[in-house]
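Examination of the molecular architecture
Take a look at the letters that make up each chain.
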Amino acid sequence: MGDFIPVNNRKAGLIMVFAMLIVGFIDNYIVVIAETASLWQFQIIRAGLALPILIIISAFGMGRLRPVRWWAVYFRSFLTALSMLFYFGSLAFVPFSDALVGLFTAPIFVLLISAFFLRQAIGPTRVIAVFIGFLGILLVLGNTAEEFNYISLLPAIGGFFYACGSIATRQLCMGETTLSMLAALLVIQAFIGFVAIFCLSTFGFDAPLGADGFILRTWVWEMSPFIWWVVLQAVGATVGVGLIFRAYQIGDASYVSIYEYSVFIFGPSFAWLLMDQPIATLQVLGILCITFAGVMIALRSGSTSLRK
């Protein structure tokens, strides 16, 4: 029988805020990596660095790596890997705050999928939350309406697949360890990276210089400009995700998930301080709307979250 872990919401909230501080910091450096590296190479190296950390953690008895239902865990991981693909890919082209907003539309998509495909009643409060959330999306996208193109939709597509992965986690992966799901996610991301590099090399796409070539590059052998930023991302993401899991382990999900939105403070603040990315008034209003919608959904549904 597993050890009983007492609920400590205050500690869980602090842990979640610290996790979001880490995530808000490290994800800003994707744009630096994108200048010279490949999205696919980034995923492969990141997985190669993070997986040994998970193996060591498992060896110390802190989680099981082997899934109970392999197909369910890897199907869920494939959906989540797609969401991270769109999220990371978008960071080379859109402001960090826009990418975060797109990813955090996931609770809204969870409700829509639950209502229209799983035929679950969602209630008037959460319906209002959906409308507020979409208003927030329109406000954020409206800030750059003159420059709008399909790239602007990438983060929201990532949010959709993140929602699909969250639903798959609840519906198919009950009883699986977070460690096994995280390991499966890294394996899938590395696999997609290898397949993409093979296809790009076979068809011979020419990658533009700078961040515009992030998606079209294959393997870059001169890694000195970006390798340490990838190491930072791999270690930081592993620590951040571990803290997220710990927060949900010792706190009530409906309480802890609210603190996840603190990334909207840390992420854009670091983007402004480190990357000189300003935050427009419409963006702030959109972020507030999506945060408010997410908090409403969390309080009504008590949903949990599994990041990267």
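Refer to the structure above for everything that follows.
Our subject in this report is the structure included herewith. (Residues numbered from 1 in each chain as written. Predicted model: local features only at pLDDT ≥ 70, side-chain atom pairs only at ≥ 80, totals over all residues. Heavy atoms only, no water.)

With respect to the overall build of the protein
Using the following cut-off: Under the scheme used here, helices are H or I runs from DSSP no shorter than 4 residues and strands are E runs no shorter than 2 residues, and both carry numbers assigned from the N terminus. Summary of the burial criterion: residues with accessible area below 20% of their type's maximum are buried, those above 50% are exposed, and those between are partly exposed, where the area comes from a 1.4 Å probe applied to protein chains only. Accessibility throughout is a Shrake-Rupley quantity obtained with a 1.4 Å probe, and a residue counts as covered only by protein chains that appear here.
Of regular secondary structure, the protein possesses 13 helices and zero strands. Scanning the protein from its N terminus toward the C terminus, one meets helices and strands in the order α-α-α-α-α-α-α-α-α-α-α-α-α. When each of the 308 residues of the protein is scored for burial, the buried share is 54%. Taken as a whole, the protein presents about 14600 Å² of accessible surface, with 71% of it coming from carbon and sulfur.

Structural notes on the side chain of Ser 83
We apply this condition: Think of a polar contact as two N or O atoms within 3.5 Å of one another; within protein, one of them needs to be a possible hydrogen donor and the other a possible acceptor, and neighboring residues in sequence only count if both atoms come from side chains. Whether two residues are in contact is decided by their heavy atoms, any of which lying within 4.5 Å being enough.
Of note, Ser 83 is situated in helix α4 (residues 70–90). Owing to a relative accessible area of 0%, Ser 83 belongs among the buried residues under this scheme. Reaching out from Ser 83, the side chain makes a polar contact with the backbone oxygen of Thr 80 at a distance of 2.6 Å. Residues within four places of Ser 83 in sequence aside, it is in contact with Gly 158, Phe 161 and Tyr 162.

As for the environment of Val 23
By the secondary structure assignment, Val 23 is in helix α1 (residues 9–26). Given a relative accessible area of 3%, Val 23 falls into the buried group. Sequence separation between Val 23 and Gln 233 is 210 residues, and the spatial gap between their C-alpha atoms is 8.8 Å.

Topic: a nonpolar patch on the surface
Short version of the rule: Grouping into patches uses exposed residues only, defined as over 30% relative accessible area, and leaves out salt-bridged ones; the cut-off is 9 Å for like charges and 5 Å for nonpolar side chains (Val, Leu, Ile, Met, Phe, Trp, Tyr). Salt bridges, as used here, are contacts in which a Lys or Arg side-chain nitrogen is within 4 Å of a carboxyl oxygen on Asp or Glu.
A cluster of nonpolar side chains, contributed by Ile 279, Leu 282, Val 284, Leu 285 and Leu 288, occupies part of the molecular surface with about 390 Å² of accessible area. Residue position: Leu 288 is located in helix α13 (residues 281–301). Of the residues examined, Leu 288 reaches a relative accessible area of 51% and is grouped as exposed.

Re the nonpolar core
Where we set the bar: Here, nonpolar core means buried Ala, Val, Leu, Ile, Met, Phe, Trp, Tyr and Cys residues that are tied together by side-chain atoms lying within 4.5 Å of each other.
Residues Ile 33, Trp 40, Tyr 87, Phe 88 and Phe 104 are the most contacted members of the largest nonpolar core, which totals 85 residues. It is helix α9 (residues 178–203) that contributes the most residues to this core, 13 residues altogether. By size, the runner-up hydrophobic cluster in this structure holds 10 residues, among which are Ile 108, Leu 111, Ala 129 and Met 296.

A closer look at the packing of aromatic side chains
Spelled out, the test is: Ring pairs shown here join Phe, Tyr and Trp side chains whose ring centres sit within 6.5 Å, with only the six-membered ring taken for Trp; geometry is labelled stacked below 30 degrees between planes, edge-to-face above 60, and tilted in between.
All chains considered together, the criterion is met by 10 aromatic pairs. Ring plane angle 5° and centroid distance 5.8 Å describe the contact between Phe 86 and Phe 161, whose orientation is recorded as stacked. Residue Phe 86 is located in helix α4, and its partner Phe 161 is located in helix α8 (residues 154–172); the two are separated by 75 residues in the primary sequence. Aromatic side chains Phe 109 and Phe 160 sit 5.6 Å apart centroid to centroid with 85° between the ring planes, which places their arrangement in the edge-to-face category. Here Phe 160 lies in helix α8 and Phe 109 lies in helix α6 (residues 106–116), a separation of 51 residues in the sequence. According to the relative accessible area criterion, Phe 109 is buried, its value standing at 17%. On the accessibility criterion, Phe 160 (31% relative accessible area) is partly exposed.

Let's talk about the packing of helix α5 (residues 96–103) against helix α12 (residues 263–275)
Definition in use: An axis is simply a line fitted to the C-alpha atoms; with a helix, the fit covers only the stretch in contact. Between two such axes, the angle follows the N-to-C directions and lies from 0 to 180 degrees. Note that the term roughly parallel is reserved for angles under 35 degrees, roughly antiparallel for angles over 145, roughly perpendicular for angles of 65 to 115, and oblique for everything else. A clockwise turn of the near helix away from the far one marks a right-handed crossing, whereas an anticlockwise turn of less than a right angle marks a left-handed crossing. Gly falls in the polar group here, along with every residue not listed as nonpolar (Ala, Val, Leu, Ile, Met, Phe, Trp, Tyr, Cys, Pro) or charged (Asp, Glu, Lys, Arg).
Direction vectors running N to C along α5 and α12 enclose 155°, while the axes themselves pass 9 Å from each other. Accordingly, the angle class assigned to the pair α5 and α12 is roughly antiparallel. You can see that α5 and α12 cross each other, and the crossing is right-handed. Packed against α5, whose contacting residues are Phe 96, Ser 97, Leu 100 and Val 101, the element α12 presents Val 263, Phe 264, Gly 267, Pro 268 and Ala 271 at the interface. When its residues are assigned to classes, the contact of α5 with α12 shows seven nonpolar, two polar and no charged.

The values reported here are purely geometric and, on their own, carry no functional implication.
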